[in-house]
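Chain by chain, the residues run as shown.
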Amino acid sequence: MNAVRLTAGEAANETSMQSALSECVSRTVRRYLADIGDTEGGEGLHALVIREVEGPLLREVLAFHEGNQSRAAVALGINRATLRKKLAAHGIS
C-alpha cells in the first residue's frame, strides 16, 4: 500500500482544505439547482458532477506532480492503471 504520512500540521491543513473544498462544492451545487429549478436534467446530478470534476482534478494533480503518474496516483489514492484509464477517458495525456 502506498500510504502518505502527514504531520499533525499537515493533517490539520488537509482537514481545513477538505472543508474549503466541501464548501465550494456545496455552493456550486446549490447554485446549479437554483438555476435549473424543477427542470429534470438529462443525466443524474451525480454523474454530471463526477464528469465535470474528475477531469480538472486529474489535470491539476498530474500537473502538481509534474506529470509523474505514479505520484499522482498515490496522491489520488488510486492504482496507476486506474489513473491511466481515467486519463485516457478524459483525453488527458
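Computed from a predicted model, the values in this text were never measured in an experiment.

### Points about the overall build of the chain
So, step 1. Secondary structure assignment for the chain yields four helices and zero strands.
So, step 2. Mapped in sequence order, the helices and strands of the chain form the string α-α-α-α.
So, step 3. When burial is assessed residue by residue, the chain has 13% of its 93 residues classed as buried.
So, step 4. Accessible area for the chain stands at about 7,300 Å²; split by element, carbon and sulfur atoms hold 55% of it.

### Structural notes on the UniProt feature "domain: DNA binding HTH" (unreviewed entry) in the chain
So, step 1. Mapped onto the present numbering, the UniProt feature "domain: DNA binding HTH" (unreviewed entry) falls at residues 50-89.
So, step 2. The span residues 50-89 shows a helical share of 82% and a strand share of 0%, and its end C-alpha atoms are spaced 13 Å apart.

### Considering the nonpolar core
So, step 1. Of all hydrophobic cores here, the largest spans eight residues; its members are Leu58, Val61, Leu62, Ala72, Ala73, Leu83, Leu87 and Ile92.
So, step 2. At the level of elements, helix H2 (45-64), helix H3 (69-76) and helix H4 (80-89) are the ones that each hand at least two residues to this core.
So, step 3. Setting aside residues no more than four positions away along its own chain, Leu58 makes contact with Leu76, Leu83, Lys86, Leu87, His90 and Ile92.

### Details of unusual backbone geometry
So, step 1. We note that Glu66 has phi near 50°; this positive angle belongs to a residue other than glycine.
So, step 2. Structurally, the position occupied by Glu66 is in the loop between H2 and H3.

### Thoughts on the pattern of salt bridges
So, step 1. In this structure the tally under the stated criterion is five salt bridges.
So, step 2. In this structure, Glu54 and Lys86 form a salt bridge, with 2.7 Å as the shortest nitrogen-oxygen distance. Here Lys86 lies in helix H4 and Glu54 lies in helix H2, a separation of 32 residues in the sequence.
So, step 3. Three or more residues are tied together by salt bridges with common partners; here these are Glu23, Arg27 and Arg30.

### Quick notes on the environment of Arg80
So, step 1. Mapped onto the secondary structure, Arg80 falls in helix H4.
So, step 2. When the C-alpha positions of Arg80 and Ser70 are compared, they lie 5.8 Å apart, and in sequence the two are 10 residues distant.

### What about the packing of H2 against H4?
So, step 1. Running from amino to carboxyl end, H2 crosses H4 at an angle of 120°, the nearest separation of the two axes being 10 Å. One finds that H2 runs oblique with respect to H4. Judged by the sense of rotation from one axis to the other, the crossing of H2 with H4 is left-handed. Contacts from Glu54, Leu58 and Leu62 of H2 reach H4 at Leu83, Lys86 and Leu87.
So, step 2. Residues of the contact of H2 with H4, tallied by class, amount to four nonpolar, no polar and two charged.

Cut-off values and rules
- Residue positions are counted from 1 within each chain, in the order its sequence is given.
- For this predicted model, a pLDDT threshold of at least 70 governs which residues receive local features, and a threshold of 80 or more governs which side-chain atom pairs are given and counted, while totals over whole chains, interfaces and linings are taken from all residues.
- Side-chain measures here rest on the full set of heavy atoms in the structure, leaving out hydrogens and waters.
- Only runs of H or I of at least four residues qualify as helices and only runs of E of at least two qualify as strands under DSSP, and these elements are numbered from the N terminus.
- Exposed residues in this analysis have more than 50% of their type's maximum accessible area, buried residues have under 20%, and partly exposed residues fall in between, with area computed by a 1.4 Å probe over protein chains only.
- Per-residue and other accessible areas follow the Shrake-Rupley method at a 1.4 Å probe size, with only the shown protein chains counted as cover for residues.
- UniProt positions are given in the numbering used here, feature names are shortened, and annotations may be inferred rather than shown by experiment.
- In this description, a nonpolar core means a group of buried Ala, Val, Leu, Ile, Met, Phe, Trp, Tyr and Cys residues linked to one another through side-chain atoms lying within 4.5 Å.
- In what follows, residue pairs with any heavy atoms lying within 4.5 Å of each other are defined as contacts.
- One speaks of a salt bridge when a side-chain nitrogen belonging to Lys or Arg is within 4 Å of a carboxyl oxygen belonging to Asp or Glu.
- Axis definition: a line fit to C-alpha positions, over the contact stretch in the case of helices; interaxial angles, taken between N-to-C directions, run 0 to 180 degrees.
- We call two directions roughly parallel when the angle between them is under 35 degrees, roughly antiparallel when it is over 145, roughly perpendicular when it lies between 65 and 115, and oblique otherwise.
- In a left-handed crossing the near helix is turned counterclockwise from the far helix by less than a right angle, and in a right-handed crossing that turn is clockwise.
- When residues are grouped by polarity, Ala, Val, Leu, Ile, Met, Phe, Trp, Tyr, Cys and Pro land in nonpolar, Asp, Glu, Lys and Arg in charged, and all others, Gly among them, in polar.

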